[in-house]
Protein chains: 2
Amino acid sequence: MLSQRKGLIKRDRSYALPSAAIESIFVFHMEKTTTKYRWEDMPRETVTDSLDRRLITAEQMMLAHVYLKKGCIVPQHSHYNEQLTYILEGSLKFWIGEEMREEIVSAGEVLVIPSNVLHKAEALEDTLDVDIFSPPRQDWLDKTDDYLRK
Amino acid sequence: MLSQRKGLIKRDRSYALPSAAIESIFVFHMEKTTTKYRWEDMPRETVTDSLDRRLITAEQMMLAHVYLKKGCIVPQHSHYNEQLTYILEGSLKFWIGEEMREEIVSAGEVLVIPSNVLHKAEALEDTLDVDIFSPPRQDWLDKTDDYLRK
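Residues numbered from 1 in each chain as written. Chains lettered and ligands numbered in written order. Predicted model: local features only at pLDDT ≥ 70, side-chain atom pairs only at ≥ 80, totals over all residues. Heavy atoms only, no water.

Participant: Mind showing me how you'd approach the relation of the copies chain A and chain B here?
Facilitator: Turning one copy of the chain about an axis and sliding it along that axis gives the other copy, so a rotation and a shift relate them. With an axial shift of 0.0 Å and an RMSD of 0.0 Å, the rotation relating chain A to chain B amounts to 180 degrees. In the structure described here, the two chain copies are related by an operation that fits a two-fold rotation axis. Measuring from the rotation axis to each C-alpha of chain A, the shortest distance belongs to A:Ser134, at 3.8 Å. In this assembly, 100% of the residues forming the interface of chain A have copies in chain B that are likewise at the interface, indicating an isologous arrangement. (Least-squares fit on C-alpha atoms with pLDDT ≥ 70 in both. Contact = heavy atoms within 4.5 Å.)

In structure tokens:
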């Protein structure tokens, strides 16, 4: 990496680090910071009338509290991020894959959704869902998750 | 990938797939399997007199229920796996890094422990700790986590 960076130093002595190099410096900083978060203190984003969420983002993973009101529908979508859905309160009905296989996931249960698998969900009751992703959902961070906001 | 595999077909028509290719077939299978788990139905491993755990292992992440009795000590250690520690019940006192910075993490709180950061913990009360790792902890799967069994 160092030799690549050196290769980018311009002759006029200004530096031309690519964004990946700048990011790697930032990530190095993140790696050294062990941080405690309290859910109650985290910003609560209202995504739709029936879905709020809080996010804790690490380098390789994102942990989310997703609060769904009964009847909330998460439209069918997929993403390359691996997903673990751990229901703490309530229950969600899922439709999985192109065949729309039905699966109800309730408090005390976990659904492992591999990369790129289509899924849709409906809250059968008011639900607190812990979603964990690897890598973090960039579309949730930059709010380009249009499928959820329809 | 296909062309690489084709290149490994021997003239005698037996196949010489490298282990990486076999693994990729297995991973492909894993990717397509969306699976529901119920914590109560998962095997509960007794690691020490004061620490039990249950594991749910995906491709990129591992989700664990760790049950610590009050007074349980997790000796100082580190690992390259990124760790999220989400306390559901009870509280843990951590000593973080070489400087042994103290941090108490209680129910409703999350500690993000980056890759390779030293940490030690003590259960201040009976505790249900949800640990999440990326990648999965191979030493937990093959029970070579000797630091924990001392």
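Next, the rest of the story.
Participant: Help me understand the pattern of salt bridges, please; the structure alone is not making it clear to me.
Facilitator: Once their charged atoms are close, side chains differing in charge can pair, the charge on each being opposite to the other. Within this structure, the stated rule accounts for 24 salt bridges over all chains. In this structure, the salt-bridge partner of B:Glu109 is A:Arg38, at a minimum N-O distance of 3.2 Å. Residue B:Glu109 is located in strand S9 (residues 109–113), and its partner A:Arg38 is located in strand S1 (residues 35–38); the two belong to separate chains. Accessibility expressed as a relative area gives 8% for B:Glu109, which makes it buried. Taking the shortest distance from any N to any O, the salt bridge between B:Asp145 and B:Arg53 comes out at 2.8 Å. Here B:Arg53 lies in strand S3 (residues 51–57) and B:Asp145 lies in the loop between helix H3 (138–141) and helix H4 (146–149), a separation of 92 residues in the sequence. B:Arg53 matches B:Asp145 in its accessibility class, with the two residues each being buried. Each of the salt bridges in this network shares a partner with another, and the network as a whole consists of A:Lys36, A:Arg38, B:Arg101, B:Glu103 and B:Glu109. (Salt bridge = Lys/Arg side-chain N within 4 Å of Asp/Glu carboxyl O. Helix = DSSP H or I, 4+ residues; strand = E, 2+ residues; numbered from the N terminus. Buried < 20%, exposed > 50% of the residue type's maximum accessible area, 1.4 Å probe, protein only.)

Participant: Honestly, the sheet that holds strand S3 (residues 51–57) of chain A in this entry has me stumped. Any pointers?
Facilitator: Strands belonging to one sheet form pairs held by backbone hydrogen bonds; the direction of such a pair is parallel or antiparallel. Strands sit in the order S2(A)-S3(A)-S4(A)-S11(A)-S6(A)-S9(A)-S1(B) across an open sheet of seven strands; the sheet is antiparallel. Either end of the sheet is taken by a strand with one partner, and the two such strands are strand S2 (45–48) of chain A together with strand S1 (35–38) of chain B. Adjacent strand axes in the sheet meet at a mean angle of 25 degrees, parallel and antiparallel pairs treated alike. (Pairing = 2+ DSSP bridges. Axes fitted to C-alpha atoms, helices over the stretch in contact; angles between N-to-C directions.)

Participant: I keep staring at the interface of chain A and chain B and nothing clicks. Help me out?
Facilitator: With 42 residues of chain A in contact, the opposing surface of chain B contributes 42 residues. Here chain A meets chain B over a buried area of about 3,500 Å², counting both sides, of which 58% is carbon and sulfur. Ranking the residues of chain A by area buried against chain B places A:Thr34, A:Lys36 and A:Met61 at the top, with a combined share of 20%. Counting the contacts that link chain A with chain B gives six salt bridges. (Buried area = accessible area lost by both parts, 1.4 Å probe.)

Participant: Can you help me understand the nonpolar core in this one?
Facilitator: As a rule of thumb, soluble globular proteins bury nonpolar side chains together. Membership of the largest hydrophobic core comes to 24 residues, with the highest contact counts inside it found for A:Leu63, A:Ile132, B:Leu63 and B:Ile132. When near neighbours in sequence (up to four residues on either side) are disregarded, B:Leu63 contacts A:Leu84, A:Val110, A:Ile132, B:Trp39, B:Arg54, B:Leu55, B:Ile56, B:Val130, B:Asp131 and B:Ile132. (Core = buried A, V, L, I, M, F, W, Y, C linked by side-chain atoms within 4.5 Å.)

Participant: Where do I start with the sheet that holds strand S5 (residues 73–77) of chain B in this structure?
Facilitator: Residues and elements named next belong to chain B. If you walk across this open sheet you meet the four strands as S5-S10-S7-S8, and the pairing is antiparallel. If you trace the sheet from one side to the other, it starts and ends with S5 and strand S8 (101–106), each paired once. Neighbouring strand axes in the sheet, compared pairwise and without regard to direction, differ in orientation by 15 degrees on average. Of the strand pairs in this sheet, S5 and strand S10 (residues 119–123) are connected by three bridges, and their pairing is antiparallel. Each residue of the ladder has a partner; that of Val74, found in S10, is Ala121.

Participant: Looking at this structure, I do not really get the environment of A:Leu141. What am I missing?
Facilitator: All names here are of chain A. One can find Leu141 in helix H3 (residues 138–141). Considered as a pair, Leu141 and Trp39 are 102 residues apart in the sequence and their alpha carbons are 17 Å apart. Ignoring anything within four residues of it in the chain, the contact list for Leu141 reads Leu55, Thr57 and Met62.

Participant: Looking at this model, I keep getting lost on the packing of aromatic side chains. Mind explaining?
Facilitator: For any pair of aromatic rings, the description rests on two quantities: the centre-to-centre distance and the angle between the ring planes. Within the structure shown, the criterion is met by four aromatic pairs over all chains. The positively charged end of A:Arg53 is found above the aromatic ring belonging to A:Trp140, 4.3 Å away from the centroid. (Phe/Tyr/Trp six-rings, centres within 6.5 Å; stacked < 30°, edge-to-face > 60°. Lys NZ or Arg CZ within 6 Å of the ring centre and 35° of its normal.)

Participant: How should I be thinking about the pairing of strand S11 (residues 127–134) of chain A in this particular structure?
Facilitator: It is a general feature of regular strands that their side chains alternate between the two faces of the sheet. Residues and elements named next belong to chain A. Within S11, eight of the eight residues are buried, which leaves the element mostly enclosed by the surrounding structure. Neither face of S11 is open: one carries Thr127, Asp129, Asp131 and Phe133, the other Leu128, Val130, Ile132 and Ser134, and all of them are buried. Where strand S4 (residues 62–68) meets S11, seven bridges bridge the pair, whose relative direction is antiparallel. Among the inter-strand pairings, His65 is bridged to a residue of S11, identified as Val130. As judged from the seven bridges shared by strand S6 (residues 82–89) and S11, these two strands associate in the antiparallel manner. When the sheet's bridge partners are listed, Glu89 is paired in S11 with Leu128.

Participant: Mind showing me how you'd approach the confidence of the model for chain A here?
Facilitator: When pLDDT is low, close inspection of the predicted coordinates is not appropriate. Residue and element names in this part refer to chain A. In this model, chain A carries a mean pLDDT of 86, and residues with pLDDT of at least 70 account for 79%. Segment residues 1–14 is flagged for pLDDT under 50; beyond a separation of four residues in sequence, or across chains, it makes eight contacts in the model. The ipTM for the predicted assembly is 0.80, set against a pTM of 0.80. (pLDDT = per-residue confidence, 0-100.)

Participant: How should I be thinking about the environment of B:Asp52 in this particular structure?
Facilitator: Residue and element names in this part refer to chain B. Structurally, Asp52 can be placed in strand S3. Overall, the relative accessible area of 15% leaves Asp52 in the buried class. On a C-alpha basis, the gap between Asp52 and Val66 in space is 6.0 Å, while along the polypeptide they are 14 residues apart. Ignoring sequence-local partners within four residues, the contact set of Asp52 consists of Arg44, Glu45, Thr46, Val47, His65, Val66 and Tyr67. Engagement of the side chain of Asp52 in a polar contact is seen with the side chain of Arg44, the distance being 2.9 Å. (Polar contact = N/O pair within 3.5 Å; in protein donor to acceptor, adjacent residues only side chain to side chain.)

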